Each structure stands twice: as C-alpha cells, then as structure tokens.
Amino acid sequence: AQKITQTQPGMFVQEKEAVTLDCTYDTSDPSYGLFWYKQPSSGEMIFLIYQGSYDQQNATEGRYSLNFQKARKSANLVISASQLGDSAMYFCAMRENTGTASKLTFGTGTRLQVTL
Amino acid sequence: DAGVIQSPRHEVTEMGQEVTLRCKPISGHNSLFWYRQTMMRGLELLIYFNNNVPIDDSGMPEDRFSAKMPNASFSTLKIQPSEPRDSAVYFCASSGRGYYGYTFGSGTRLTVV
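So, here is what we can say about the structure in this document. As the structure is a computational prediction, the values presented were derived from the model and not from experiment.

**Focus on the overall build of chain B**
In step 1: Counting its secondary structure elements, chain B contains zero helices and eleven strands.
In step 2: Across chain B, helices and strands are ordered from the amino to the carboxyl terminus as β-β-β-β-β-β-β-β-β-β-β.
In step 3: For a compact globule of 113 residues, the expected C-alpha radius of gyration is about 13 Å, and chain B comes in at 13 Å, within 12% of that figure.
In step 4: For chain B, the proportion of its 113 residues judged to be buried stands at 50%.
In step 5: In chain B, once contacts between residues fewer than 6 apart in sequence are set aside, the share between residues at least 24 apart is 53%.
In step 6: A total of about 5600 Å² of accessible surface is found on chain B, and carbon and sulfur atoms cover 49% of it.
In step 7: In chain B, 11 positive and 11 negative side-chain charges are present, and the distance between their average locations comes to 5 Å.

Below is the structure:
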C-alpha cells in the first residue's frame with residue numbers, strides 16, 4: 001500500500017498566485033515526520049519544510065507553509081506568491097521510525113509549472 | 001559544511017562492467033541512505049545504514065547490488081555486473097541525531113549502455 005500519495009502529477013499556477021500541492025499519508029505510528037522537497041530541473045533535492053506529528057502549529061518557512069490535518073492524514077504544501085523559479089518537481093515524504101533508525105519514504109511527486 | 005558529497009556526478013559504462021558509486025556524508029551524521037530515482041519508479045530507498053551498520057537492504061533490487069559503509073565518513077554502492085535497466089540517478093542522503101532533516105547529495109547519473 002502506498003504510504004505517501006500525491007494525486008496531482010502536474011499543476012499550473014500563475015506568477016504571484018498561491019498554489020496548494022496535495023499529500024496524504026498512511027501510518028499507524030504515532031510519531032512521524034512529514035517533509036517537502038523541491039527538485040528543480042538541475043536535479044538536486046532541496047529540503048523545504050518539515051512537520052512533526054506532535055507539532056501543534058502548522059510549519060512555515062518563508063513563502064512555504066504546510067497545511068497539516070492530522071485526522072485526515074494530509075500534509076499539503078502551500079506556496080504563496082509563486083515565482084518562476086518555483087517551477088520544479090515537489091516531493092512529499094514521511095519519516096518512519098523503524099526501531100533502530102528512521103527512514104524517509106517519498107511520494108511520486110507533483111510537477112509545478114509557474115506561468116507568466 | 002560541504003554537505004553530502006557524491007562521486008562521480010556522471011558515469012557512463014558498458015553493460016557487464018562493475019560500477020562503484022561513492023558517498024561522503026555530513027560529518028556527525030549517523031544515518032546514511034541510498035536512493036535510486038527513475039521516471040518509472042520514482043524515488044526508491046535501496047538501503048540505509050545507522051552507525052555504519054546496514055539496517056534495511058530490502059530495497060536493493062538484486063544481488064548485483066551491494067553497499068558498504070566501512071566508516072562514518074564513507075559509503076559505496078556497487079553494481080556488478082551492470083545492466084541497462086540500472087540507468088538512473090542515485091542519491092545518497094545523510095541524517096543525524098537530533099536533526100530531523102535529511103540532506104541529499106547532488107546525485108550520480110548512471111547510464112549503462
């Protein structure tokens with residue numbers, strides 16, 4: 001079963017508009033972490049934002065915010081005031097504890113295209 | 001901090017040859033992960049280490065793949081013999097105690113012809 005689901009293979013947004021990228025997850029572990037990474041066309045994986053399962057408030061980092069709805073098991077990424085440089089693949093990931101260590105499992109990604 | 005360092009950045013090799021990918025994690029990080037990224041399968045976790053010990057290698061596709069971490073500052077991923085379907089971008093990432101983040105290297109783009 002998919003542990004991380006990103007249902008939007010591609011999204012378009014106009015410059016300066018806000019966009020929400022969806023992510024749902026599945027885990028029975030009460031302690032977990034959720035991440036968003038950006039992968040531009042150059043290929044590197046860039047960490048954007050993190051939300052811990054026990055965090056009371058939604059995480060924010062500059063123009064990025066994470067809309068964390070624990071009961072729904074969703075962790076959507078909101079990008080405000082989109083810029084052309086935001087065009088990239090975006091991956092949602094979940095950290096699961098395996099006892100001796102933790103591992104990061106990724107969704108299939110959403111390709112975001114910012115237009116003029 | 002130089003970040004996670006992978007080498008080579010690009011590798012082109014002929015089918016049947018041995019390929020070795022290298023990774024230097026961030027100093028002080030105690031967990032190291034190898035991922036493979038392809039269009040068809042996305043980002044797959046191949047293997048990860050904690051304190052230099054392999055914890056889970058269930059993602060390693062076949063016996064042709066092996067990984068080692070002889071010390072805290074170095075890991076290798078070896079494919080022997082390589083096949084065209086191994087063509088992918090291979091990422092190494094590291095993480096540390098008390099640090100929730102995972103830092104990725106720039107990746108090695110492997111092409112097997």
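**Observations regarding the nonpolar core**
Side chains of nonpolar character tend, in soluble globular proteins, to be buried together.
In step 1: Counting 24 residues, the largest nonpolar core has A:Tyr25, A:Leu34, A:Trp36, A:Ile49, A:Leu77 and A:Tyr90 as its most contacted members.
In step 2: Taken together, the elements giving at least two residues each to this core come down to strand 3 (19-21), strand 5 (32-39), strand 6 (46-52), strand 8 (64-69), strand 9 (74-79), strand 10 (88-97) and strand 12 (110-115) of chain A.
In step 3: Residues within four places of A:Tyr90 in sequence aside, it is in contact with A:Gln6, A:Leu21, A:Trp36, A:Tyr37, A:Lys38, A:Leu48, A:Leu77, A:Ile79, A:Gly109, A:Thr110 and A:Leu112.
In step 4: Counting residues in each nonpolar core, the second largest holds 21 residues, with B:Ile47, B:Met60, B:Leu77 and B:Tyr90 among its members.

**Points about the interface of chain B and chain A**
In step 1: Facing 14 residues of chain B, the contacting portion of chain A comprises 16 residues.
In step 2: Here chain B and chain A share an interface that buries about 1500 Å² over both sides, 60% of which is from carbon and sulfur atoms.
In step 3: One can count one salt bridge joining chain B with chain A.
In step 4: Between B:Asp56 and A:Lys103 there is a salt bridge, with its nearest N and O atoms 3.8 Å apart.
In step 5: Connecting chain B to chain A are three residue pairs in polar contact (both at pLDDT 80 or more).
In step 6: In terms of residue count, the dominant contributor to the side of chain B that touches chain A is strand 5 (residues 42-50) of chain B (four residues).
In step 7: In terms of residue class, the side of chain B that touches chain A is made up of ten nonpolar, three polar and one charged.

**Points about the environment of B:Pro81**
All names here are of chain B.
In step 1: Residue position: proline 81 is located in the loop between strand 8 (74-79) and strand 9 (88-95).
In step 2: In this structure the C-alpha to C-alpha distance between proline 81 and phenylalanine 65, which are 16 residues apart in sequence, comes to 8.6 Å.
In step 3: Those residues in contact with proline 81 that lie beyond four places of it in its chain are Gly16, Gln17, Arg64 and Asp86.

**Points about the pattern of salt bridges**
In step 1: According to the stated counting rule, one finds twelve salt bridges over all chains in the structure shown.
In step 2: We note a salt bridge from A:Arg63 to A:Asp86, for which the minimum N-O separation is 2.8 Å. With a gap of 23 residues between them, A:Arg63 in the loop between strand 7 (60-61) and strand 8 and A:Asp86 in the loop between strand 9 and strand 10 connect regions that are remote in the sequence.
In step 3: Residue B:Glu83 is joined to B:Arg64 by a salt bridge in which the shortest nitrogen-to-oxygen separation is 3.5 Å. Within this pair, whereas B:Glu83 is found in the loop between strand 8 and strand 9, its partner B:Arg64 is found in the loop between strand 6 (53-56) and strand 7 (65-71), the two being separated by 19 residues in sequence.

**Observations regarding the environment of B:Pro54**
Residues and elements named next belong to chain B.
In step 1: Looking at the secondary structure, you find proline 54 in strand 6.
In step 2: Sequence separation of proline 54 and cysteine 92 is 38 residues, and the distance between their C-alpha atoms is 14 Å.
In step 3: If we skip the residues at most four places from it in the chain, proline 54 touches Ile47, Tyr48 and Phe49.

Parameters at a glance
Residues numbered from 1 in each chain as written. Chains lettered and ligands numbered in written order. Predicted model: local features only at pLDDT ≥ 70, side-chain atom pairs only at ≥ 80, totals over all residues. Heavy atoms only, no water. Helix = DSSP H or I, 4+ residues; strand = E, 2+ residues; numbered from the N terminus. Rg over C-alpha atoms; globule rule 2.2 N^0.38 Å. Buried < 20%, exposed > 50% of the residue type's maximum accessible area, 1.4 Å probe, protein only. Contact = heavy atoms within 4.5 Å. Areas by Shrake-Rupley, 256 points an atom, 1.4 Å probe, with all protein chains shown as cover. Lys, Arg positive; Asp, Glu negative; His and termini not counted. Charge placed at Lys NZ, Arg CZ, Asp CG, Glu CD. Core = buried A, V, L, I, M, F, W, Y, C linked by side-chain atoms within 4.5 Å. Buried area = accessible area lost by both parts, 1.4 Å probe. Salt bridge = Lys/Arg side-chain N within 4 Å of Asp/Glu carboxyl O. Polar contact = N/O pair within 3.5 Å; in protein donor to acceptor, adjacent residues only side chain to side chain. Nonpolar A, V, L, I, M, F, W, Y, C, P; charged D, E, K, R; others polar.

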